[in-house]
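Here are the chains, one letter per residue:
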Amino acid sequence: MTSPSIRVRMAPSPTGFLHIGGARTALFNYLFAKHHQGTFVLRIEDTDKERSTPEYEKAIIEDLQWLGVRWDEGPLKEGSYGPYTQSQRLPMYQKYLKKLEALSKVYPCYCSPEELEAERQDLLKRHKTPRYMGKCRNLTPQERKTLENQGRVPVIRFRIDETQPIQFHDLIRGDISVDPAILGDFVICKGDGWPLYNFSAVVDDCEMKISHVIRGEEHISNTPRQILLAQTLGLQLPSYAHVSIILAPDRSKLSKRHGATSVGEYKKMGFLPQALKNYLALLGWNPGDEREMMSEEELIQNFVIERMIKSPAIFDVEKLKWMNGMYIRNSSVEAITKEALPFLESYGLEIQSKKMAWLQKVIGTVRGNLESLNQIGHIAELFFDEKFSLEAEAKTYLTNNKDKAKEILKTLDGLLSQASHLEMEGFQKLQSDLKEKVASSDKKILFQVQRVAVTGRLKGPEMNIVMPLLGVDSCRKRIHIAQSCLV
Ligand code: GLU
C-alpha cells in the first residue's frame, strides 16, 4: 500500500529525557510512515508548563536525530500544519473550546484539589472507581459567580454522556468497548486556559491530519476520552494502534534499577544508533521470520502493523549488547573509527598526533570482542605508549622465567635496534632471527615473553599485528621497561 495520506506522529512531552519506550514509539511511527511513503510528524506536547523544559525538548530532539528517526514535519523542519509545538498553538485550542462551549459540552469546575482528593478517597473506601462525580456539573450562573467571588479559579471539564458506550477498533488489540460511566467528566483546560493533553492531542491530531495514532499501551485509557472529544467536535477519528508495553526481564516495569533506560545513556555508553534502532524495532514487532539483524531498509520494507504483538515486550539488555557488538564488527572500519575516537579520547589516549590509517588499524584490531564502544579505551590502550605498564600477572610471568626472559629480551632488543620497520616480512624476519639466536628457548616461551614485554599483558591481539602497529621505537621502549623489572 502506498498512500501519501498516511500521516503519523510522535508527540513527546518534554518533561524528561527520551526513554526506550518513547524512542520505540518514534521508530514504529517512522517505519510505518516510510513503509507507506507517508509522513512522520514530530509534535512537542509542552502544555504541562510546570514540568516541561526547553532543555528536555532539546535533548529529545537531539536523541531522535542521533537515532536517525527523521521527521518530515516538526521542529527545525516545519511544514503545512505548524507550529508543531503546542505552547505555540494556544489560539487553536481556544477556537475548539469555544465550539464545545457553544454545544454546552463543557462547564467550569471550581472544586479545589483538596475537595477532589476527599471525593477520591471516599469512592475508594466504598470500592468504587475514583472519578469526578459532577459536583459542578449543574451550577447556576449565580452559584458560579458566588464561587468566583470567593477567588476560586475554575478548570474546564468535558461533560460526558454516560449512556453511550465508547467503542473503537485498535489495529493491534481488536475491538474495545468502554463504559463512559467510569471516566467521569474530565478536565480539558486549566484555570489559565491552557489545554490538557487529551484535548490538545485530539485537536492537533485532527488539525495535522493524522491518519494513524501509534503509541504505547499506557495511553489506551486516554483513547475513549479523545474519541468522545473528537466525536463531539465532529472531527475525523484516526485509526489507533497501541503497541505493547516494554518490561524488564523480570517482567516488572522497566526502571532505573534495571540499568540505563534513556537513549542518551546508551549513546554515552557507546551503543551505535543502527544497533539500538534494530533492537528497538524488534520490541513488540517482528518481521514474521527468525531474522534479527535488519538494516533500516529491511525494517521499512517489512514493517506492517499486522506483525505487531500485543503481549509485553521484554527489554533484554544482553541481547542489545550482542547486537551492538555485531554492528561494531560489521561496520566499515572507517565508520567505526569515527564513532570510536571520542571514546578513545575520553579514556585519556592521545590520538591527535596519530595518523588516521594507524588509528583505523588499531580499532580494526581491537573491535572484535566489544559490546559497546566505551569498552574500547581499555582494550586499545595497549597500543598507546603513554598508558603502557606491565600488569601484575605479566611481571610475575617474566620473573618466573627470569633467565630465559632476560636472554630473549636482550636479543630481541638487539635485533630491533638494527631493524628499520616491522611490517610484513620485517616481522617474520625478526622472528626467525630471534629463534635462531635463542635456539634453546621453546617456541611458546619465546612468543609469550615478547607478548608480555611488548603489551604488558598475558593475552591480547596477535603479535604479528601488535608489533608492526607499535613500530620499532615503541617496542624497544617497552622492552626496556620490561627488562628493568628483571634486574
Ligand atoms: N505527550 C504524550 C506523551 O508523551 C503523547 C501521547 C500520545 O502519543 O498521544 O506520552
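These figures come from a predicted structure and were not determined experimentally.

Undergrad: An account of the overall build of the protein chain is needed here, citing residue identities and associated values.
TA: Each helix and strand counted, the protein chain has 19 helices and eleven strands in total. Relative to the compact-globule value of 23 Å for 487 residues, the protein chain shows a C-alpha radius of gyration of 32 Å, a clear excess of over 25%. Seen through its principal axes, the protein chain has C-alpha atoms that stretch 110 × 50 × 40 Å. Looking at the protein chain as a whole, 50% of its 487 residues are labelled buried. Total accessible area computed for the protein chain in this model is approximately 23,600 Å², and 52% of it derives from carbon and sulfur atoms.

Undergrad: Describe in detail the nonpolar core, supporting the description with residues and values.
TA: Nonpolar side chains tend toward joint burial in soluble globular proteins. Counting residues in hydrophobic clusters, the biggest one holds 105 residues, and the most contacted among them are I376 and F383. Formed by 32 residues, the second largest nonpolar core is a distinct cluster that contains L97, L183, I210 and L228.

Undergrad: Pulling in residues and values, what's your account of the pairing of strand 5 (residues 166-170)?
TA: Only one face of strand 5 is covered, namely the face carrying I166, F168 and D170; the face carrying Q167 and H169 is uncovered. In terms of strand pairing, strand 5 meets strand 6 (residues 174-178) through five bridges, oriented antiparallel. Looking at the pairing, D170 lines up with G174 of strand 6. Taken together, strand 5 and the strand that follows it, strand 6, pair antiparallel across an intervening segment of three residues.

Undergrad: Report on the side chain of S252, specifying residues and quantitative values.
TA: Examined against the element boundaries, S252 turns out to sit in the loop between strand 10 (246-247) and helix 8 (263-269). At 3.2 Å, the side chain of S252 forms a polar contact with the side chain of H258. Excluding its chain neighbours within four sequence positions, the residues that come into contact with S252 are L247, R257 and H258.

Undergrad: Quick rundown of the site of the ligand? Include the residues and the values.
TA: R9, A11, P12, S13, E45, Y197, R215 and H219 make up every residue found near the ligand. For the ligand, a nitrogen atom lies 2.8 Å from a polar atom in the side chain of S13. Note that an oxygen atom of the ligand is positioned 2.6 Å from one of the side-chain N or O atoms of Y197. Here the ligand loses 81% of its free accessible area of 300 Å² to cover by the protein chains. For the shell around the ligand, the per-class residue count stands at three nonpolar, two polar and three charged.

Undergrad: Could you give an account of the environment of I479, naming the residues involved and the relevant values?
TA: Looking at the secondary structure, you find I479 in helix 19 (residues 463-484). Owing to a relative accessible area of 0%, I479 belongs among the buried residues under this scheme. Residues I479 and P342 lie 137 residues apart in sequence; the distance between their C-alpha atoms is 30 Å. Residues in contact with I479, not counting those within four places in the same chain, are L409, L412, D413, L416 and V454.

Undergrad: Account for unusual backbone geometry, with residues named and values stated.
TA: Residue P83 is bonded to the preceding G82 through a cis peptide linkage, with omega at -5 degrees. Looking at where P83 falls in the secondary structure, it is placed in the loop between helix 2 (54-67) and helix 3 (90-102). Despite not being glycine, S104 has its phi angle at roughly 55 degrees, a positive value. Relative to the assigned elements, S104 resides in the loop between helix 3 and strand 3 (106-109).

Undergrad: Quick one: what's the story with helix 15 (residues 392-400), residue by residue and with numbers?
TA: Buried within helix 15 are the following residues: A394, Y397 and L398. Along the axis of helix 15, the buried positions cluster into a sector of 95 degrees, meaning they face one direction only. Exposed residues on helix 15 whose side chains face more than 90 degrees from its buried face are A392 and N400. Lining the buried residues of helix 15 we find helix 16 (402-418), helix 18 (443-455) and helix 19.

Undergrad: Can you tell me about the pattern of salt bridges, naming the residues and giving the values?
TA: For side chains bearing opposite charge, pairing can occur when the charged atoms are close. Under the defined criterion, the tally for this structure stands at 33 salt bridges. E45 is paired through a salt bridge with R43; the nearest N and O atoms lie 2.8 Å apart. Accessibility assignment for this pair places E45 and R43 in one class, buried.

Undergrad: Lay out the state of the cysteines with the relevant residues and their values.
TA: Overall, the coordinates contain zero disulfides when judged by the stated rule. The thiol sulfur of C109 is not disulfide-bonded, and the nearest other cysteine sulfur, from C111, lies at 3.9 Å.

Undergrad: Could you give an account of the sheet that holds strand 7 (residues 187-189), with specific residues and numbers?
TA: As a general point, the strands of a sheet are linked pairwise by backbone hydrogen bonds and lie either parallel or antiparallel. Taking strand neighbours across the sheet as the criterion, the three strands line up as 3-4-7 in an open arrangement whose pairing is antiparallel. Both outer strands of the open sheet, strand 3 and strand 7, are each paired with one neighbouring strand and no more. Going across the sheet, the axis of each strand differs from the next one's by a mean of 45 degrees, ignoring polarity. As paired elements, strand 3 and strand 4 (residues 155-158) share four bridges and run antiparallel to each other.

Undergrad: Could you give an account of the environment of V41, with specific residues and numbers?
TA: Along the chain, V41 falls in strand 2 (residues 39-42). Expressed as a C-alpha distance, the spacing of V41 and V362, which sit 321 residues apart in the sequence, is 42 Å. Discounting residues that sit within four places of it in the chain, V41 has contacts with R7, V8, R9, M10, W71, E73, Y84, M208 and I210.

Undergrad: Outline the packing of helix 15 against helix 18, supporting the account with residue identities and numerical values.
TA: The contact between helix 15 and helix 18 brings their axes to 10 Å, and the two run at 140 degrees. With respect to each other, helix 15 and helix 18 are oriented oblique. With respect to the hand of their crossing, helix 15 and helix 18 are arranged in left-handed fashion. Residues A394, Y397 and L398 of helix 15 form the contact with helix 18, whose participating residues are I445, Q448, V449 and V452.

Conventions adopted
Throughout, a residue's number is its position along its own chain's written sequence, starting from 1. Where totals are concerned, whole chains, interfaces and linings use all residues; where local detail is concerned, this predicted model gives features only for residues with pLDDT of at least 70, and gives and counts side-chain atom pairs only at 80 or more. Based on all heavy atoms of the structure, the side-chain values leave hydrogens and waters out of the count. Per the convention used, a helix needs a DSSP run of H or I reaching at least four residues, while a strand needs a run of E reaching at least two, with both numbered from the N terminus. Radius of gyration: over C-alpha atoms. The globule rule applied is 2.2 Å multiplied by the number of residues raised to the 0.38 power. Under the scheme applied here, a residue whose accessible area is under 20% of the maximum for its type counts as buried, over 50% as exposed, and between as partly exposed, the area being computed with a 1.4 Å probe on protein chains only. Accessible areas in this description were obtained via Shrake-Rupley with a 1.4 Å probe; residue shielding takes into account the shown protein chains only. Throughout this description, the term nonpolar core refers to a set of buried Ala, Val, Leu, Ile, Met, Phe, Trp, Tyr and Cys residues connected via side-chain atoms within 4.5 Å. Two strands form a pair only when DSSP identifies at least two bridges running between them. Polar contact is the term for a pair of N or O atoms within 3.5 Å; when the atoms are in protein, one must be able to donate a hydrogen and the other to accept it, and sequence-neighboring residues count only if both atoms are side-chain atoms. Note on definitions: a residue-residue contact is assigned when non-hydrogen atoms from the two residues lie within 4.5 Å. Residues are counted as near a molecule or strand when any one of their heavy atoms sits within 4 Å of it. Put simply, Ala, Val, Leu, Ile, Met, Phe, Trp, Tyr, Cys and Pro go in the nonpolar bin, Asp, Glu, Lys and Arg in the charged bin, and everything else, Gly too, in the polar bin. In this description, one arc is meant: the one made by directions from the helix axis to the C-beta atoms. In what follows, salt bridge is the name for a side-chain nitrogen of Lys or Arg lying within 4 Å of a carboxyl oxygen of Asp or Glu. Any cysteine sulfur atom paired with another within 2.5 Å is treated as part of a disulfide. Every axis corresponds to a line fitted to the C-alpha atoms, with the helix fit spanning only the stretch in contact, and the corresponding angles, defined between N-to-C directions, vary from 0 to 180 degrees. Just so you know how the angles are binned, under 35 degrees is roughly parallel, over 145 roughly antiparallel, 65 to 115 roughly perpendicular, and the rest oblique. Crossing handedness is defined as follows: a turn of the near helix away from the far one that is anticlockwise and smaller than a right angle gives a left-handed crossing, while the clockwise case is right-handed.

Fair warning: the whole summary comes from geometry, so function is off the table for now.
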